[in-house]
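# What the coordinates show
Here is what each chain is made of, one letter per residue.
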Amino acid sequence: MVKYLRELWTAWFLVWMMTMRALVSRSRQSVLGLAWTLLVPISHLLVYWLVFSVLVRIQTGLPYVLFLMSGLWPWMLYVNIVARGTHSIIENGPIIKKIFFHREVFPLTIVGVCLFDFLVAGLVFLAIMTVHFNHIVWSWTLLWWPFILLIMVIQATGVIWFTSAVSVFVRDSIFLVELAMHLWVFVSPIMYPIERVPERFRDLYMLNPVAPLIVAFRQILFEGKLDFNFHLILSICVSLFLFVAGLMFFRRLAPKFSDVI
Amino acid sequence: MNEKRKLIEVRNITKKHTLKIRPQQELWKAIGGPFKYLVRKDPNEFTALDNFSLDLYESDALGVIGPNGAGKSTLLKMLAGVSTPEEGTIKTFGRIRSLLELGIGFHPELSGRQNIYLYGSVLGMTRKDIDDHYDEMVEFSELGEFLKMPVKNYSSGMYARLAFSVAIFTAPEIILVDEVLAVGDLQFQEKCINKIHQLRDAGVTIVFVSHGMESVKRVCNRVILLDKGKILADGDPDQAIAEYRSLMKVGVMS
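This text gives an overview of the structure that appears in the document. (Residues numbered from 1 in each chain as written. Chains lettered and ligands numbered in written order. Predicted model: local features only at pLDDT ≥ 70, side-chain atom pairs only at ≥ 80, totals over all residues. Heavy atoms only, no water.)

Broken down by element type, chain A carries twelve helices and zero strands. Along the longest, intermediate and shortest principal axes, the C-alpha atoms of chain A span 55 × 45 × 35 Å. Here chain A holds 261 residues, and the buried ones make up 54% of them. For chain A, the centre of its 19 positive side-chain charges and the centre of its 12 negative side-chain charges are spaced 8 Å apart. (Helix = DSSP H or I, 4+ residues; strand = E, 2+ residues; numbered from the N terminus. Buried < 20%, exposed > 50% of the residue type's maximum accessible area, 1.4 Å probe, protein only. Lys, Arg positive; Asp, Glu negative; His and termini not counted. Charge placed at Lys NZ, Arg CZ, Asp CG, Glu CD.)

What follows is the structure, encoded as structure tokens:
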């Protein structure tokens, strides 16, 4: 166990190099380069804003763009990690067949790339935040925000330990993930406030492990508090469980990748 | 008795390949536990390596020869850790560098210099290791100013030079080589073989798979002849190569 952790530690340099490799290749082979990282969140934002603020008026008690972005920004990180991470092993087939190093590097590289995108997309959020400066409660509670984000990244990584490993054997998991990601956004409180969910369904609704995290982000930003209720704690536990169990599962399947890929 | 350090110990490994991969079955097999009862017997299975054992000590240079499909690459892959045997154990004691394919992980858009760091990290070096050996790598590759160019503009020979130079200066203890010396011009090939000799004298173990009998003779002090996953000959290079030649003739005649 100690040996494994030490090996993973030395693999950090490799994760770093692979992340750089992915980022450079993307920016050199496209015309707009880095601008894409901004265009995607902006276009999502525009469409959601048009639908939910102009066509269907949702009352959030906040400027809708601010409300939306506070959930959409971390959610897009989550979606990106899960969607792209699922492909990470298959994509690197040629390397996996030829050279041995810890296969964990590939999903972790995706996490690195997505975190970079997330930071760039943060510029949009920053701009919106500056405009609606007075809606945010500036308190020490804001320090919990990175913690919730960390939980979210851990959960997403936990998911891709499973999906990336299984997809090597049966490609179904790729389609399943794509479908799930399209539907998941509707059963998470991204575009609408949690109050819109009927009271009697809310306990059930909050079992979605993403929902309590999104709620927590908004609580921290707009109410200046963080309520460690049952659902949030459950979500944190689920995230940690997914990560550890997923890693064990991944390591069990990893030696077989090169024979099947 | 033998005071040399043992670097590779392979005990009774068996590896089966299948002609037709059955994804679900492979998944059940990989997960194991109760799922292994879901695995049905595969009619298309054949044995790539059959009850194979091998010991290698420092300064050994083993040549592996044999017809296509004899299990040579399967053996190298398992020594490299890329693949795992169904039965038996493989123990390696030392840093392995597999040159199964040079330049895997190179990125065409990055410069030669950047690719040295990328490839070095893929081969398991830390940034410090690469920093320490960087000058040697550059000198050995003889690429000079070309290192500033993206490698997509390299000729295949330059590509191989860069990759080999990185791989060879990664302080290896065991090197696995698969036909990679065929690239590069004669002068560079010569340089590589000399470097391999030098490493061998310094105690590095080499496993060399090749169809080029000349280079096998030059590099190796022990040769095994594989056919259908079994060892047909083991020992003196000349003898093994002669046996391989006669085996091939019989194969053609019948």
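Text resumes after the structure shown.
All names here are of chain B. Strand order across the open sheet formed by three strands is β2-β1-β4, with antiparallel pairing between neighbours. Since the sheet does not close on itself, it has two edges, and those belong to β2 (45–57) and β4 (87–92), each with one partner. Mean inter-strand twist for the sheet, computed between neighbouring axes without regard to direction, equals 20°. Sheet topology note: the strand β1 (residues 6–18)/β4 ladder contains five bridges and is antiparallel. Its bridge partner being in β4, glutamate 9 is matched across the sheet by lysine 91. Contacts from helix α2 (residues 72–80) reach β1, β2 and β4 within the one sheet, and its direction differs from that of β1 by about 125°. (Pairing = 2+ DSSP bridges. Axes fitted to C-alpha atoms, helices over the stretch in contact; angles between N-to-C directions. Contact = heavy atoms within 4.5 Å.)

With 35 residues of chain B at the interface, the matching set in chain A holds 30 residues. Here chain B and chain A share an interface that buries about 2,900 Å² over both sides, 65% of which is from carbon and sulfur atoms. The partner of Lys15(B) in a salt bridge is Asp259(A), with the nearest N and O atoms 2.6 Å apart. At the boundary of chain B and chain A, one finds four residue pairs in polar contact (both at pLDDT 80 or more). Those elements that place two or more of their residues in the side of chain B that touches chain A are α1 (23–31), α2, α3 (112–122) and α4 (127–141) of chain B. Per element, the largest residue contribution to the side of chain B that touches chain A is six residues, and it comes from α1(B). The residue inventory of the side of chain B that touches chain A, partitioned by class, reads 17 nonpolar, twelve polar and six charged. (Buried area = accessible area lost by both parts, 1.4 Å probe. Salt bridge = Lys/Arg side-chain N within 4 Å of Asp/Glu carboxyl O. Polar contact = N/O pair within 3.5 Å; in protein donor to acceptor, adjacent residues only side chain to side chain. Nonpolar A, V, L, I, M, F, W, Y, C, P; charged D, E, K, R; others polar.)

An α-helical turn contains 3.6 residues, so a residue and the one three or four places further along point in the same direction. The terminal C-alpha atoms of helix α2 (residues 12–28) of chain A lie 24 Å apart, and with 17 residues this matches the ideal 24 Å at 1.5 Å per residue to within 8%. Three or more residues of α2(A) are buried, namely Phe13(A), Leu14(A), Val15(A), Met17(A), Met18(A), Thr19(A), Arg21(A), Leu23(A), Val24(A) and Ser25(A). (Expected span 1.5 Å × (residues − 1).)

Next up on the list: the sheet that holds strand β6 (residues 174–178) of chain B. All names here are of chain B. Strand order in this open sheet of six strands is β5-β6-β7-β3-β8-β9, and the pairing throughout is mixed. A strand with exactly one partner marks an edge of an open sheet, and here the two such strands are β5 (96–99) and β9 (230–235). Averaged over all neighbouring strand pairs, the angle between strand axes comes to 15°, with direction disregarded. Across five bridges, β6 lies against strand β7 (residues 205–209) in parallel orientation. Within the sheet, the bridge partner assigned to aspartate 178 lies in β7 and is valine 209.

Here we come to the pattern of salt bridges. Enumeration over the complete set of coordinates arrives at 20 salt bridges over all chains. In this structure, Arg84(A) engages Asp117(A) in a salt bridge whose closest nitrogen and oxygen atoms are separated by 3.3 Å. Of this pair, Arg84(A) sits in helix α4 (residues 64–91) while Asp117(A) sits in helix α6 (residues 105–131), and the two are 33 residues apart along the sequence. The exposure class assigned to Asp117(A) is buried, which follows from its relative accessible area of 9%. Residues Glu199(A) and Arg202(A) are paired through a salt bridge, measuring 3.6 Å at the closest nitrogen-oxygen approach. Taken together, the residues span about one helical turn, with Glu199(A) and Arg202(A) both in helix α9 (residues 199–205) at a distance of three residues. Salt bridges here are not isolated pairs; linked through shared partners, they connect Lys6(B), Glu9(B), Arg11(B), Asp55(B) and Lys91(B).

The subject of this paragraph is the nonpolar core. As a rule of thumb, nonpolar side chains are buried together in soluble globular proteins. Counting 85 residues, the largest nonpolar core has Leu253(A), Phe257(A), Ile116(B), Phe164(B) and Ile206(B) as its most contacted members. Not counting chain neighbours up to four residues away, the residues in contact with Ile206(B) comprise Asp60(B), Ala61(B), Leu62(B), Ile175(B), Val177(B), Ile196(B), Arg200(B) and Val219(B). Among the nonpolar cores identified, the runner-up in size contains 60 residues, and Phe67(A), Trp73(A), Tyr78(A) and Met181(A) belong to it. (Core = buried A, V, L, I, M, F, W, Y, C linked by side-chain atoms within 4.5 Å.)

A separate point is helix α8 (residues 172–184) of chain A. All names here are of chain A. For α8, built from 13 residues, the straight-helix expectation of 18 Å at 1.5 Å per residue is met to within 8% by its first-to-last C-alpha distance of 18 Å. All of the buried residues in α8 are Ser173, Ile174, Val177, Met181 and Trp184. Taken end-on, α8 shows its buried residues confined to a sector of 105°, consistent with a single buried face. Facing away from the buried side of α8 by more than 90 degrees, the exposed set consists of Asp172, Phe175, Leu176, His182 and Leu183. (Arc of directions from axis to C-beta.)

All names here are of chain A. On the surface, Ile42, Leu46, Trp49, Leu50, Val54, Leu55 and Val56 cluster together into a nonpolar patch covering about 620 Å² of accessible area. Its location among the elements puts leucine 55 in helix α3 (residues 35–55). Judged by its relative accessible area of 61%, leucine 55 is exposed. (Patch = residues over 30% accessible without salt bridge, like charges linked within 9 Å, V, L, I, M, F, W, Y side chains within 5 Å. Areas by Shrake-Rupley, 256 points an atom, 1.4 Å probe, with all protein chains shown as cover.)

This part is about the side chain of Ser83(B). Inspection of the secondary structure puts Ser83(B) in the loop between α2 and β4. Reaching out from Ser83(B), the side chain makes a polar contact with the side chain of Asp259(A) at a distance of 3.0 Å. Apart from residues no more than four positions distant in its own chain, Ser83(B) is found in contact with Ser258(A), Asp259(A), Lys15(B), Lys77(B) and Met78(B).

Residue and element names in this part refer to chain B. Mapped onto the elements of the fold, arginine 5 is located in the segment before β1. In sequence terms arginine 5 and tyrosine 244 are 239 residues apart; their C-alpha atoms lie 30 Å from each other. In contact with arginine 5, not counting residues within four places along its chain, are Tyr57, Glu58, Phe93 and Glu173. Only 3.0 Å separates the side chain of arginine 5 from the side chain of glutamate 173, close enough to count as a polar contact.

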